[in-house]
Amino acid sequence: MSRVYFVFFLVSVYLVLDIYVFVAVRSLTESLSPAWRKTIWIAYWVLSIGSLVGVLLYRQIDPKQFQNLRLYITTFFFVLFIGKLFSAVFLLLDDIRRGITWLVNIFPFTEEDHSTSRSDFMQKSALIAGAIPIATMSFGVISGAHDYRIRKRVIYSPNLPKAFDGIRVAQISDIHTGSFFNKTAVEGGVDMLLGQKPDIAFFTGDLVNNRSEEAKDYLDIFKRVKAPLGVFSVMGNHDYGDYTEWPSEAAKQKDIKKLHEMHAYMGYDLLLNENRTIKVDGEEIAILGCENWGAGRFSKYGDMSKTIEGTEEKPYKLLLSHDPSHWDAQIRPSYPDIDLMLAGHTHGMQFGVEIGDFRWSPVQYRYKQWADHYQEGDQSLYVNRGYGFIGYPGRIGILPEITILELKKA
């Protein structure tokens, strides 16, 4: 019954918002010819009601056969809703002005009546305000979703063995195959990574959104990621199936096992609270892979005591851990011998501003470390902005990333 109430509430809010904005549309189109006026009005309601019907029928659409259709429906609804919400704010401000004017007019000392009709300026401003987020978010889907950027950084450490001085590390994170809609563009990103000729490559989790089957069509694309010293990976919070329903715990564990097998198929050495040793010219470094460990409500499958076991004597330790909150919560205070941690998870919220060294995103109010390189003493953290996307199928300002790090001895 609670779902029925929620649907009723959603429909009511959406229709009230629609009618509120349509009043401005109708007013501003009064001067047009009848044919144009009718066309605009019909188009407005067809798009509005069509998006609402699509959302109401969302659960009836088979996610296996029509995965992209479900994505388009929710995106279209969300973009229109945000646009109309922006418009409504301007119209509300004008209505507040009209209300104050009406109150002033009823007082006897008022010498002349002031107009309480809607302001053409505010109505035009409202429609422009609504059009801007619609245009921006649409561009974020069309262009930003697959506008891969290679970001290069040099990471210094006094503990790095000389044989590894200058080693080139590639990192991708948060692939989220369940959200993709353009295989050609996805493959183009892999081509960009391979063009950098990294010595070693890492994937720091979230291959899927919910289920292993989402990755099937993309395994052969990401299988192409290769590096002379190997490709290593870990699990992200979405890889454990915690955000979807399962008929039983056994079914969930079986799907996780399939995901492990997919990493093996792609040639990725999946580290499940374990480590590997990489040797070059007789010198060694340790690659540690911790299962997902996130501060707060996020899952804590990671076990650092197992992850680091046996690497105590290794001079340099590189940790793969999906959630950057792990760094301040556990790594820095308890494992000062870990030189570099690679993470992802935040996506930079897929929205923000980056100009030169200036970075801003709403996600920074949730995560202290949310994108790029951070350093405390001799310990470093790099947070990848993510290769894919989830929820909103696009990116605005914070673009998908392929990280290339050069490790240098300080």
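Every value quoted in this text rests on a predicted model; they were computed, and no experiment measured them. (Residues numbered from 1 in each chain as written. Predicted model: local features only at pLDDT ≥ 70, side-chain atom pairs only at ≥ 80, totals over all residues. Heavy atoms only, no water.)

Draft legend 1. Main features of helix H5 (residues 183-195). Between its terminal C-alpha atoms H5 stretches 18 Å, which fits the 18 Å expected from 13 residues at 1.5 Å a residue. Within the sequence span of H5, burial applies to Ala185, Val186, Gly189, Val190 and Leu193. Looking straight down H5, one finds that the buried residues subtend no more than 150° of arc, so they occupy a single side. In this fold, the buried residues of H5 make contact with strand S2 (167-172), helix H6 (219-222) and strand S14 (401-409). For H5, the capping residue at the N-terminal end is Asn182, with a side-chain oxygen 3.3 Å from the backbone nitrogen of Thr184. Immediately downstream of H5, the backbone of Lys197 shows phi near 50°, a positive value. (Helix = DSSP H or I, 4+ residues; strand = E, 2+ residues; numbered from the N terminus. Expected span 1.5 Å × (residues − 1). Buried < 20%, exposed > 50% of the residue type's maximum accessible area, 1.4 Å probe, protein only. Arc of directions from axis to C-beta. Contact = heavy atoms within 4.5 Å. Polar contact = N/O pair within 3.5 Å; in protein donor to acceptor, adjacent residues only side chain to side chain.)

Draft legend 2. Quick look at the nonpolar core. Formed by 33 residues in total, the largest nonpolar core has its most connected members in Ile172, Ile175, Phe180, Val186, Leu207, Phe222 and Tyr387. Where this core is concerned, the elements lending two or more residues are S2, H5, strand S3 (200-203), H6, helix H7 (249-266) and S14. A per-element tally of this core places H7 first, with four residues. Discounting chain neighbours no more than four positions away, the residues touching Ile175 are Phe180, Phe203, Gly205, Asp206, Leu207, Phe222, Tyr387, Gly388 and Phe389. Core analysis: the next-biggest nonpolar cluster, separate from the first, contains 22 residues, Leu160, Phe232, Val280 and Tyr316 among them. (Core = buried A, V, L, I, M, F, W, Y, C linked by side-chain atoms within 4.5 Å.)

Draft legend 3. Focus on the layout of surface pockets. Of the voids in this model, the second largest pocket is the one considered here, and its volume is about 680 Å³. Lining the second largest pocket are 28 residues; nearest its centre among them are Met349, Gln350, Phe351, Ile390 and Tyr392. Of all elements in the fold, only helix H3 (67-106) and helix H4 (120-142) reach the threshold of two or more residues within the lining of the second largest pocket. Top contributing element to the lining of the second largest pocket by residue count: H4, with four residues. (1 Å grid on protein atoms, 1.4 Å probe; cavity = no way out; pocket = protein on both sides within 12 Å on 5 of 7 lines; lining within 4 Å. Points joined across faces, edges and corners; volume = space filled by probe spheres on them.)

Draft legend 4. Layout of the side chain of Asn275. Looking at the element boundaries, Asn275 is found in strand S6 (residues 274-280). Accessibility expressed as a relative area gives 19% for Asn275, which makes it buried. For Asn275, the side chain forms a polar contact with the main-chain oxygen of Glu309, separated by 2.9 Å. Not counting residues within four places of it along the chain, the set of residues in contact with Asn275 comprises Ile287, Leu288, Lys306, Thr307, Ile308, Glu309 and Thr311.

Draft legend 5. A look at the sheet that holds strand S1 (residues 149-157). The strand order across the open sheet built from six strands is S1-S14-S2-S3-S4-S5, with neighbouring strands paired in mixed fashion. Among the strands making up the open sheet, the edge pair consists of S1 and strand S5 (269-270). The pairing of S1 with S14 spans nine bridges and is parallel. Paired with Arg151 across the strands is Thr403, a residue of S14. Across the face of the sheet, H5 comes into contact with S1, S2 and S14 while running at roughly 15° to S14. (Pairing = 2+ DSSP bridges. Axes fitted to C-alpha atoms, helices over the stretch in contact; angles between N-to-C directions.)

Draft legend 6. Focus on the pattern of salt bridges. Per the counting criterion, the structure on display carries 22 salt bridges. Here Asp372 ties to Arg153 by a salt bridge, and the two come within 2.7 Å at their closest N and O atoms. Taken together, the residues span a long stretch of sequence, with Asp372 in strand S12 (residues 372-376) and Arg153 in strand S1 at a distance of 219 residues. The salt bridge involving Asp165 is made with Lys408; its shortest N-O contact spans 3.7 Å. Residue Asp165 is found in the loop between S1 and S2, and its partner Lys408 is found in strand S14; the two are separated by 243 residues along the sequence. Overall, Asp165 belongs to the partly exposed group, its relative accessible area being 37%. Salt bridges sharing partners connect three or more residues here, namely Arg151, Arg153, Glu354, Arg359, Asp372, Arg385 and Glu401. (Salt bridge = Lys/Arg side-chain N within 4 Å of Asp/Glu carboxyl O.)

Draft legend 7. Quick look at the sheet that holds S6. The six strands lie next to each other as S6-S7-S8-S9-S13-S12, forming an open sheet whose pairing is mixed. Pairing within the sheet leaves two strands with one partner each, and these edge strands are S6 and S12. When strand polarity is set aside, the average angle formed by the axes of neighbouring strands in this sheet is 20°. Here strand S9 (residues 340-343) runs beside strand S13 (residues 379-383); their pairing, made up of four bridges, is parallel. Bridge pairing links Met341 to Leu381 in S13. Against the sheet, helix H9 (residues 325-334) engages strand S8 (317-320), S9, S12 and S13, with an angle of about 160° to S13.

Draft legend 8. Structural view of a nonpolar patch on the surface. Taken together, the side chains of Val89, Leu92, Leu93, Ile96, Ile100 and Val104 define a hydrophobic patch exposed on the protein surface, amounting to about 510 Å² of accessible area. Of note, Val104 is situated in helix H3. Overall, the relative accessible area of 34% leaves Val104 in the partly exposed class. (Patch = residues over 30% accessible without salt bridge, like charges linked within 9 Å, V, L, I, M, F, W, Y side chains within 5 Å. Areas by Shrake-Rupley, 256 points an atom, 1.4 Å probe, with all protein chains shown as cover.)

Draft legend 9. Expanded view of the environment of Val13. Mapped onto the elements, Val13 comes out in helix H1 (residues 2-28). The sequence separation of Val13 and Ser299 amounts to 286 residues, and the corresponding C-alpha distance is 34 Å.

Draft legend 10. Seen up close, the side chain of Thr75. For Thr75, the location among the structural elements is in helix H3. Take Thr75: its relative accessible area is 11%, and that puts it in the buried class. Thr75 has contacts with Val141 and Pro393, leaving out every residue within four places of it along the chain.

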